[in-house]
Amino acid sequence: MSVMMAKMTGSPSVTPLSPPSPSPPSPSSLPLRAIPGGYGWPVVGPIIDRLNYFWFQGPPTFFKKRMEKYKSTVFRTNVPPTFPWFLGVNPNVIAVLDVKSFSHLFDMEIVEKANVLVGDFMPSVKYTGDFRVCAYLDTSEAKHTQIKNFSLDILKRSSTIWVPSLISSLDSMWDKIDADVANSGSASSFLPMQQFLFRFLTRCIVGADPSTSPEIASSGHIMLDKWLGIQILPTVNIGILQPLEELFLHSFSYPFWLVKGDYNKLVQFVEKEGKEVIQRAQTEFNLTEQEAIHNLLFILGFNAFGGFTIFFLALLSAIGDQKSTGLHEKLRDEVRQKSGSNSNTLSFESVKDMELVQSFVYETLRLNPPVPSQFARARKDFKLTSHDAVYEIKKGELLCGYQPLVMKDAKVFEESPETFLYDRFTREKGGTELLNYLYWSNGPQTGSATAANKQCAAKEIVPLTAALFVAYLFQRYDDITISSGSITAVEKSK
């Protein structure tokens, strides 16, 4: 989800706040400390850490136990993938798990991002037409500037159709869910969600209507799921029966030919139906036709479709979990007070006035970032500062931040950092200052996405789209019951 646009026509202008220091001591007053932890014996150490990461502990516990062991939010460890069939991958990282140390990952003067989207492991470029797409490029590469600006332009031009396309696709999604609940007593949100997102995002990003191809319309979302999932399997904790997961999902990379047929169908669809966008990429951004097609597919499939799927399912889960807190009534009242009960009144401008809706969206991003891990490689030797100490980082060392822990930093998110507080980001609680430390977008929410950085170009449009999603829900329904990913009851607005 890291390739959409920060400055869209109709999206909000954000004035960056002056970040308050989350820690009183200045770097010069903090002690210089050797980085604790280690990598263990060759082969053995990485295997032990891999088994703990995926099997015995899981990522959250893996990092938390080491924080407690070393009494530090900065330490050396290994992260998968590793032995036996990843001999060219170095699993050694320096974990940075507080807000202050984590922020170094986004300073492009001291770190670089070439080929470290998911760590030292990089999926084969065969998955992207034999191109290194924008997500794998560093800001120092000329091609990064071309593709990032192309990505920003795509979303700027889609601003006129973004909201109406979203609303019409939501109508179809919730009509289906209503029918399933009426017929069966419950409805899974996953499949309707993916179908909705594929239709909506394909129209807005590629400029194409999936219905022009019956096969793409019915199966395009499944094709993207397979293409995306198979690339990153070695890095993802699935949670199926062990040791099967370790033996068959985390021990080797799967070959591209398993999804080649489906990917080529998507390429042909984009080439045929996205001609206007592709032509603009060639004439205005000096990309080749093939560069444009494969970057478009990565933007659509990996960043947008994959990211929004995770994020919107997390929103629905949070709405279900928070029902007993009175959140539903508060959201419904705010939405209808600001925009009435007709979805035609929803817009970027209207949801900007919905403070509680936006706070709820930000809190969901804080605790459920769509991309949990961030990586960056030291561009040069530098001193990294945490809340408590200063550490020397050497050129070439790989830094790893695990956001679900970073975003619970008690020195920044002082009020119940482990707890979901839907009004945390409201003005009444002073939460707007916390946007300086909300890093879901490969940078702070108060930052600006440009070709000179790796910040998600959609750091404005993603939360606004989520706010529209929530507002639509509470315009359409007086009440909704969600449990374990299923909608079990809906009460339509009268």
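Worth saying up front: this structure is predicted, and the values here are computed from it rather than measured. One numbering rule holds for all chains: residues counted from 1, following each sequence as written. Reporting in this predicted model follows two pLDDT cut-offs: at least 70 for local features of residues, and 80 or more for side-chain atom pairs to be given and counted; totals over whole chains, interfaces and linings ignore these cut-offs and use all residues. Side-chain calculation: all heavy atoms of the structure are included, whereas hydrogens and water are not.

A few words now on the overall build of the chain. Elements are defined by DSSP. Helices are runs of H or I of four residues or more, strands are runs of E of two residues or more, and each kind is numbered from the N terminus. Scanning the chain for helices and strands turns up 16 helices and ten strands. Here the C-alpha atoms of the chain give a radius of gyration of 22 Å, agreeing with the 23 Å that 2.2 N^0.38 yields for 494 residues. Considered along the principal axes of its C-alpha atoms, the chain spans approximately 65 × 50 × 45 Å. Burial classes follow relative accessibility: with a 1.4 Å probe on protein chains only, a residue under 20% of its type's maximum area counts as buried, one over 50% as exposed, and anything between as partly exposed. For the chain, buried positions account for 57% of its 494 residues. Method for areas: the Shrake-Rupley scheme with a 1.4 Å probe, in which residue coverage is limited to the protein chains shown. On the chain, roughly 19800 Å² of surface is accessible, and the fraction owed to carbon and sulfur atoms is 54%. Charged residues are defined here as Lys and Arg on the positive side and Asp and Glu on the negative side; His and the ends of the chain fall outside this count. For charged residues, the charge sits on one atom: NZ in Lys, CZ in Arg, CG in Asp, CD in Glu. Separation between the mean location of the 49 positive side-chain charges and that of the 50 negative ones in the chain comes to 3 Å. Here the globule rule reads 2.2 Å times residues to the power 0.38, and the radius of gyration is calculated from C-alpha atoms.

Once that is clear, we can look at the pattern of salt bridges. Salt bridges are defined by distance alone: a side-chain nitrogen of Lys or Arg within 4 Å of a carboxyl oxygen of Asp or Glu. For the coordinates displayed, the defined rule picks out 29 salt bridges. We note a salt bridge from Arg-132 to Glu-141, for which the minimum N-O separation is 2.8 Å. Asp-478 is the partner of Arg-336 in a salt bridge, and the nearest nitrogen-oxygen pair spans 2.7 Å. You can see Arg-336 sitting in helix α12 (residues 327–339) and its partner Asp-478 sitting in strand β9 (residues 477–483), a full 142 residues away along the chain. In this structure Arg-336 comes out as partly exposed when scored by relative accessible area, which is 24%.

To continue, consider the sheet that holds strand β1 (residues 74–78). Across the sheet, which stays open at both edges, the five strands sit in the order β1-β2-β8-β5-β3 with mixed pairing between neighbours. With partners counted over all chains shown, the strands left at the sheet margins are β1 and β3 (111–112), one partner each. The sheet contact formed by β1 and strand β2 (residues 92–96) spans five bridges and is antiparallel. In the sheet register, Phe-75 faces β2, and the bridge partner there is Ala-95. At least two bridges found by DSSP between two strands is the condition for calling them paired.

The next point concerns the confidence of the model for the chain. Averaged over every residue, the pLDDT of the chain is 92; residues scoring 70 or more account for 94%. This stretch, residues 1–25, has a pLDDT under 50; its non-local contacts, to residues over four places away or in other chains, come to 87 contacts. Confidence of the predictor at the level of single residues is captured by pLDDT, which takes values from 0 to 100. Contacts were defined at the residue level, with two residues in contact if any of their heavy atoms lie within 4.5 Å.

So, on to a nonpolar patch on the surface. Side chains of Trp-41, Val-43, Val-44, Ile-48, Phe-83 and Leu-87 sit close together on the surface and give an oily, nonpolar patch of about 670 Å² of accessible area. Along the polypeptide, Val-43 turns up in the segment before α1 (44–56). Candidates for patches are residues over 30% relative accessible area with no salt bridge; among them, like charges are joined within 9 Å and nonpolar side chains (Val, Leu, Ile, Met, Phe, Trp, Tyr) within 5 Å.

A separate point is the nonpolar core. Buried Ala, Val, Leu, Ile, Met, Phe, Trp, Tyr and Cys residues that are joined via side-chain atoms within 4.5 Å together make up what is termed a nonpolar core. Membership of the largest hydrophobic core comes to 150 residues, with the highest contact counts inside it found for Phe-63, Trp-174, Phe-196, Leu-201, Phe-312 and Phe-469. With 17 residues, helix α11 (residues 289–321) is the largest single contributor of residues to this core. Those residues in contact with Phe-469 that sit more than four places away from it in its chain are Leu-170, Met-173, Trp-174, Met-193, Phe-196, Phe-312, Leu-315 and Leu-316.

Pairing of β9 with strand β10 (residues 486–492) involves six bridges; the strand directions are antiparallel. Bridged to Thr-481 within β10 is Ala-489. Linking β9 to β10, which pair antiparallel, is a turn of two residues; within it Ser-484 sits at a positive phi near 55°.

For the rest of this paragraph, the subject is the sheet that holds β10. Strands sit in the order β4-β10-β9 across an open sheet of three strands; the sheet is antiparallel. The two strands at the open ends of the sheet, each matched to only one other strand, are β4 (187–188) and β9. Across two bridges, β4 lies against β10 in antiparallel orientation. Bridging across to β10, Ala-187 finds its partner in Ile-487.

For the peptide bond that leads from Pro-80 to Pro-81, omega is 0°, which places it in the cis range. Along the polypeptide, Pro-81 turns up in the loop between β1 and β2. Its identity as a non-glycine residue notwithstanding, Val-43 has a phi of 70°, on the positive side. In this model, Asn-115 sits at a positive phi of 65°, which is unusual for a non-glycine residue.

A few words now on the environment of Ile-216. Inspection of the secondary structure puts Ile-216 in helix α7 (residues 214–232). Between the C-alpha atom of Ile-216 and that of Ser-172, which follows or precedes it by 44 residues, the distance is 17 Å.

Look at the UniProt record and you will see "transmembrane region" (unreviewed entry) annotated at residues 296–320. Taken end to end, residues 296–320 comprises 100% helix and 0% strand; its first and last C-alpha atoms sit 34 Å apart. UniProt positions are given in the numbering used here, feature names are shortened, and annotations may be inferred rather than shown by experiment.

This part takes up helix α16 (residues 461–476). An α-helix turns once every 3.6 residues. As a result, residues three or four positions apart point the same way. Its 16 residues give α16 an end-to-end C-alpha distance of 22 Å, which sits within 8% of 22 Å, the value for a rise of 1.5 Å per residue. Counted residue by residue, α16 has 16 buried out of 16 residues, so it is predominantly covered. Under the convention used throughout, the expected extent of a helix is 1.5 Å for every residue step, that is, one less than its residue count.

With that settled, consider helix α5 (residues 159–184). Compared with an ideal rise of 1.5 Å per residue, which puts 26 residues at 38 Å, α5 spans 38 Å between its outermost C-alpha atoms and is within 8% of the ideal. Gly-185 lies just past α5 and shows a positive phi near 90°.

Below, the discussion takes up the environment of Gly-37. Topologically, Gly-37 is positioned in the segment before α1. Taking the C-alpha atoms as reference points, Gly-37 and Phe-269, 232 residues apart in sequence, are found 49 Å from one another. Sequence-distant contacts of Gly-37, that is, excluding residues within four places in its chain, are made with Tyr-70 and Arg-76.

A word on the pairing of strand β6 (residues 382–385). Within a regular strand, the side chains alternate between the two sheet faces. By the bridge criterion, four bridges tie β6 to strand β7 (residues 390–393) in an arrangement that is antiparallel. Residue pairing across strands places Phe-382 opposite Ile-393, the latter belonging to β7. Here β6 folds back onto β7, and the loop between the two strands holds four residues.

Right, let's get into the packing of α12 against α16. Between the N-to-C directions of two axes lies an angle of 0 to 180 degrees, each axis being a line fitted to C-alpha atoms and, for a helix, fitted only over the stretch in contact. Put simply, α12 and α16 touch, their axes get as near as 9 Å, and they point 95° apart. The angle between the axes of α12 and α16 places the two elements in the roughly perpendicular class. Here α12 contributes His-328, Leu-331, Arg-332, Val-335, Arg-336 and Ser-339 to the contact with α16, which in turn contributes Val-470, Ala-471, Phe-474 and Gln-475. A per-class count over the contact of α12 with α16 returns five nonpolar, three polar and two charged. In what follows, roughly perpendicular refers to angles from 65 to 115 degrees, roughly parallel to angles under 35, roughly antiparallel to angles over 145, and oblique to any angle outside these ranges. For this classification, the nonpolar set comprises Ala, Val, Leu, Ile, Met, Phe, Trp, Tyr, Cys and Pro, the charged set comprises Asp, Glu, Lys and Arg, and every other residue, Gly included, is treated as polar.

A word on the packing of aromatic side chains. In this scheme Phe, Tyr and Trp rings, the latter by its six-membered ring, pair at centre separations within 6.5 Å, and the angle between planes marks the pair as stacked below 30 degrees, edge-to-face above 60, and tilted otherwise. Overall, the coordinates contain 29 aromatic pairs when judged by the stated rule. Pairwise contacts between aromatic rings join Tyr-127, Tyr-136, Trp-227, Phe-256, Tyr-263, Phe-298 and Phe-302 into one cluster. It is Arg-66 that lies over the ring of Phe-62; its NZ or CZ is 3.7 Å from the centre. Ring-over charges, as used throughout, are those where CZ of Arg or NZ of Lys falls within 6 Å of the ring centre and within 35 degrees of the ring normal. It is Arg-366 that lies over the ring of Phe-413; its NZ or CZ is 5.2 Å from the centre.

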